[in-house]
Amino acid sequence: MTLDAVAERAGVSKGGLMYNFPTKEALLTAMITRLGTEGDKLREQERAKFPAGQADELFVEISMFAHLSGNDFRRHAALLAVIATRPELMCSFRDVHKKRMFEDILAHKDPVRAAILFFAALGLHFDELLGISFMDVEQRKKVYERLLRLVVTEDKM
């Protein structure tokens, strides 16, 4: 990931890119910040589907993954770019993710079950993000639907 390549892909001059992001670190930091902000917006959209205060955060998180589109996947590729080139920039993202995991997602009566369901959804998301998925859209949809049913029921996995 070079600034030249980013400028070309974004359809701007390298000078224009560097005006806003004078260093590669500044660009990567902005990408991670934007990813976090957009993730928060997507979660809020999922929460809005529930009566006030009734959203199950594990359900919200898995539902968010299930509703990601092609544009969302391209933005999430920023995460991979940062991990590959400047992993130390992941610290703040990691802290926010850890806080959300412990305070929201794993706050279930069965945190191990919640972790299994969350990581199944996350794995499905990364499988698609990395472009290695063998499932088609309908198959993925069915897996996400089953995961969401498992969040709200006591069915055996």
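No experiment lies behind these values; they were computed from the predicted model shown. (Residues numbered from 1 in each chain as written. Predicted model: local features only at pLDDT ≥ 70, side-chain atom pairs only at ≥ 80, totals over all residues. Heavy atoms only, no water.)

1. Observations concerning the overall build of the chain
Then step 1. Counting its secondary structure elements, the chain contains eight helices and zero strands.
Then step 2. Seen along its three principal axes, the alpha-carbon backbone of the chain occupies a region of about 55 × 35 × 25 Å.
Then step 3. Evaluated residue by residue, the chain yields a buried proportion of 34% over its 157 residues.
Then step 4. Once local pairs closer than 6 in sequence are excluded, the contacts in the chain between residues at least 24 apart make up 61%.
Then step 5. Only carbon and sulfur atoms are counted for the fraction: they give 58% of the accessible area of the chain, which is about 9,700 Å².
Then step 6. Considering the chain, the positive charge centre built from 23 side chains and the negative charge centre built from 23 side chains are found 1 Å apart. (Helix = DSSP H or I, 4+ residues; strand = E, 2+ residues; numbered from the N terminus. Buried < 20%, exposed > 50% of the residue type's maximum accessible area, 1.4 Å probe, protein only. Contact = heavy atoms within 4.5 Å. Areas by Shrake-Rupley, 256 points an atom, 1.4 Å probe, with all protein chains shown as cover. Lys, Arg positive; Asp, Glu negative; His and termini not counted. Charge placed at Lys NZ, Arg CZ, Asp CG, Glu CD.)

2. Things to note about helix H7 (residues 111–129)
Each α-helix winds once per 3.6 residues, and so residues spaced three or four apart point in a common direction.
Then step 1. Compared with the 27 Å implied by 1.5 Å per residue over 19 residues, the 26 Å span of H7 between its first and last C-alpha is a close match.
Then step 2. Here H7 has its buried residues at Arg 113, Ala 114, Ala 115, Leu 117, Phe 118, Ala 121, Leu 122, Leu 124, His 125, Asp 127 and Leu 129.
Then step 3. Against the buried residues of H7 lie helix H4 (57–66), helix H5 (70–85), helix H6 (91–103) and helix H8 (137–152).
Then step 4. Two residues or fewer past H7, Gly 131 is found with a positive phi of approximately 75 degrees. (Expected span 1.5 Å × (residues − 1).)

3. Remarks on the nonpolar core
Looking at soluble globular proteins, one finds that nonpolar side chains tend to be buried together.
Then step 1. Counting residues in each nonpolar core, the largest one holds 25 residues, and the members touching the most others are Leu 58, Ile 62, Phe 65, Leu 117, Phe 118 and Tyr 144.
Then step 2. Put simply, the parts of the chain that give this core at least two residues each are H4, H7 and H8.
Then step 3. Ranked by the residues each element gives to this core, the list is headed by H7, at eight residues.
Then step 4. Residues in contact with Phe 118, not counting those within four places in the same chain, are Leu 58, Glu 61, Ile 62, Phe 65, His 97, Met 101 and Ile 105.
Then step 5. Judged by nonpolar contacts, the second largest core, of seven residues, contains Leu 35, Val 82, Leu 89 and Met 90. (Core = buried A, V, L, I, M, F, W, Y, C linked by side-chain atoms within 4.5 Å.)

4. A closer look at the side chain of Asp 127
Then step 1. Along the chain, Asp 127 turns up in helix H7.
Then step 2. Buried and unpaired, Asp 127 has no salt bridge, with Arg 140 as the nearest side chain of opposite charge at 6.3 Å.
Then step 3. Aside from chain neighbours lying at most four places away, what touches Asp 127 is Ile 132, Ser 133 and Phe 134. (Salt bridge = Lys/Arg side-chain N within 4 Å of Asp/Glu carboxyl O.)

5. So, the layout of surface pockets
Then step 1. The volume enclosed by the largest pocket comes to roughly 660 Å³.
Then step 2. At the level of secondary structure, the elements contributing two or more residues to the lining of the largest pocket comprise helix H1 (3–10), helix H3 (24–47) and H5.
Then step 3. The element best represented in the lining of the largest pocket is H3, accounting for six residues.
Then step 4. For the lining of the largest pocket, the residue count by class is 13 nonpolar, no polar and five charged.
Then step 5. Here the second largest pocket is characterised by a volume of approximately 460 Å³.
Then step 6. As for the second largest pocket, its lining consists of 22 residues, and the residues nearest its centre are Leu 35, Arg 43, Phe 93, His 97 and Arg 100. (1 Å grid on protein atoms, 1.4 Å probe; cavity = no way out; pocket = protein on both sides within 12 Å on 5 of 7 lines; lining within 4 Å. Points joined across faces, edges and corners; volume = space filled by probe spheres on them. Nonpolar A, V, L, I, M, F, W, Y, C, P; charged D, E, K, R; others polar.)

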